[in-house]
Amino acid sequence: MAITDPLALQVLAIAKDAGAKIMEIYQRDFAVYEKQDTSPLTEADLAAHKCIVAGLEAISDLPILSEESADIPWEERKTWNQYWLVDPLDGTKEFIKKNGEFTVNIALIDGGKPVMGVVYAPALAKSYVGIVGQGAWAETAEGVSAISAKVHSEGEVWKVVGSRSHQSPEIKNLLDLLGGESELVAMGSSLKLCLVAEGEAHLYPRLGPTSEWDTGAAHAVALAAGANVTVLDGANPLNPDAEALTYNQKESVLNPYFLVSA
């Protein structure tokens, strides 16, 4: 089993280069800054951002929207059909805590939908690649394997992804709606979506704030693995006909609450 798509391999290499920059800083003391929205920013975010932008500009003429260069006017952004959506370091809180659950995220968005994504967790030495319509793969030191989402079977314990850094009281209500026994699987960063993509969990309800760059790459992996990522319906959180989560369709880059399901 191997990933053969040339563009995906180039993007994976860029993500790994950024991951190496991150790990250089992770393994020593580093400064932490505060952004205007009070979220933490480290040297590693900026080093990874510079590495990814340089790498993408070397292989593509498409515009780039990154968390660390997000001040692009809507008047310009709304003209984009294809673009790169980047979170150089998702899970900055996990990075600061040094628990390893942080990721480099690069997505290709086409017509408001993620069509390819690379998620790389440098401290875990694990990467995910998803190409919608072709498949999804996980790569570790042992090699590359195809991954797919796993539908819940009757009588099976529901495995529901939660967050180490953000817990929501609404989660209990959703668990009650599922019926049967459920188990909360804790994970940080965009790895939460990847757990559903690789069949390690059935659901990931996100009932807290995220931005489009937080989800784009892992969203592509999830779709490529056969999962769904839909806007959470407040009246019916498990609505199978809920609308798909989309990108660059509005001025705000904040996502609505959403559900990742197998």
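Here the structure is shown first, and the text comes after it.
Residues numbered from 1 in each chain as written. Predicted model: local features only at pLDDT ≥ 70, side-chain atom pairs only at ≥ 80, totals over all residues. Heavy atoms only, no water.

K.L.:
Which residues make up the overall build of the chain, and what are the values?
P.N.:
The helix and strand inventory of the chain stands at 7 helices and 14 strands. Computed over its C-alpha atoms, the radius of gyration of the chain comes to 17 Å, within 12% of the 18 Å expected for a compact globule of 262 residues. For the chain, the spread of C-alpha atoms along the principal axes amounts to about 50 × 40 × 40 Å. Across the 262 residues in the chain, those meeting the buried criterion constitute 54%. Of the roughly 11800 Å² of accessible surface on the chain, a fraction of 50% belongs to carbon and sulfur atoms. (Helix = DSSP H or I, 4+ residues; strand = E, 2+ residues; numbered from the N terminus. Rg over C-alpha atoms; globule rule 2.2 N^0.38 Å. Buried < 20%, exposed > 50% of the residue type's maximum accessible area, 1.4 Å probe, protein only. Areas by Shrake-Rupley, 256 points an atom, 1.4 Å probe, with all protein chains shown as cover.)

K.L.:
Residue-level account of the state of the cysteines, with values.
P.N.:
On inspection of all chains with the given rule, the structure shows 0 disulfides. As a non-bridged cysteine, Cys51 has Cys194 as the owner of its nearest cysteine sulfur, 20 Å distant. (Disulfide = S-S within 2.5 Å.)

K.L.:
Can you break down helix α5 (residues 170-178) residue by residue, with the values?
P.N.:
Taken together, the buried positions of α5 are Ile171, Leu174, Leu175 and Leu178. The buried residues of α5 occupy one face: seen down the axis, they fall within an arc of 100 degrees. Opposite its buried face, α5 presents the exposed residues Lys172 and Leu177, each directed more than 90 degrees away. Immediately downstream of α5, the backbone of Gly179 shows phi near 75 degrees, a positive value. (Arc of directions from axis to C-beta.)

K.L.:
Any details on the sheet that holds strand β3 (residues 64-66)? Residues and values, ideally.
P.N.:
What the 7 strands build is an open sheet, ordered β3-β4-β5-β6-β7-β8-β9; its pairing is mixed. A single partner strand is all that each edge strand has here, and the edge strands are β3 and β9 (143-146). Ignoring which end each strand starts from, the neighbouring axes of this sheet average 15 degrees apart. Two strands pair when backbone bridges link them, and strand β8 (residues 135-140) and β9 are joined in this way by 4 bridges, in the antiparallel orientation. The residue of β9 that forms the bridge with Thr140 is Gly143. (Pairing = 2+ DSSP bridges. Axes fitted to C-alpha atoms, helices over the stretch in contact; angles between N-to-C directions.)

K.L.:
Let's hear about unusual backbone geometry: which residues, and what values?
P.N.:
For residues besides glycine, phi is generally negative; the peptide bonds are generally trans as well. Look at Lys98: it is not a glycine, yet its phi comes out positive at around 60 degrees. When you line up the elements, Lys98 lands in the loop between α4 (92-97) and β5 (103-110).

K.L.:
Which residues make up the packing of helix α1 (residues 6-26) against helix α2 (residues 43-59), and what values do they have?
P.N.:
Here α1 crosses α2 at 155 degrees, and the two axes come no closer than 8 Å. Comparing the axis directions of α1 and α2 gives the class roughly antiparallel. Helix-helix and strand crossings are classified by hand; for α1 and α2 the assignment is right-handed. Residues Leu7, Gln10, Val11, Ile14, Asp17, Ala18, Lys21, Ile22 and Ile25 of α1 pack against Glu43, Ala44, Ala47, Ala48, Cys51, Ile52, Gly55, Leu56 and Ile59 of α2. When its residues are assigned to classes, the contact of α1 with α2 shows 13 nonpolar, 2 polar and 3 charged. (Parallel < 35°, antiparallel > 145°, perpendicular 65-115°, else oblique. Left-handed = near helix turned anticlockwise from the far one by under 90°. Contact = heavy atoms within 4.5 Å. Nonpolar A, V, L, I, M, F, W, Y, C, P; charged D, E, K, R; others polar.)

K.L.:
How would you sum up the pattern of salt bridges? Please name residues and give values.
P.N.:
Scanning all chains against the criterion turns up 6 salt bridges. Notably, a salt bridge pairs Glu139 with Lys16, separated by 2.7 Å at the nearest N-O pair. Of the two residues, Glu139 sits in strand β8 while Lys16 sits in helix α1, which places them 123 residues apart along the sequence. Under the relative-accessibility criterion, Lys16 is labelled partly exposed at 30%. (Salt bridge = Lys/Arg side-chain N within 4 Å of Asp/Glu carboxyl O.)

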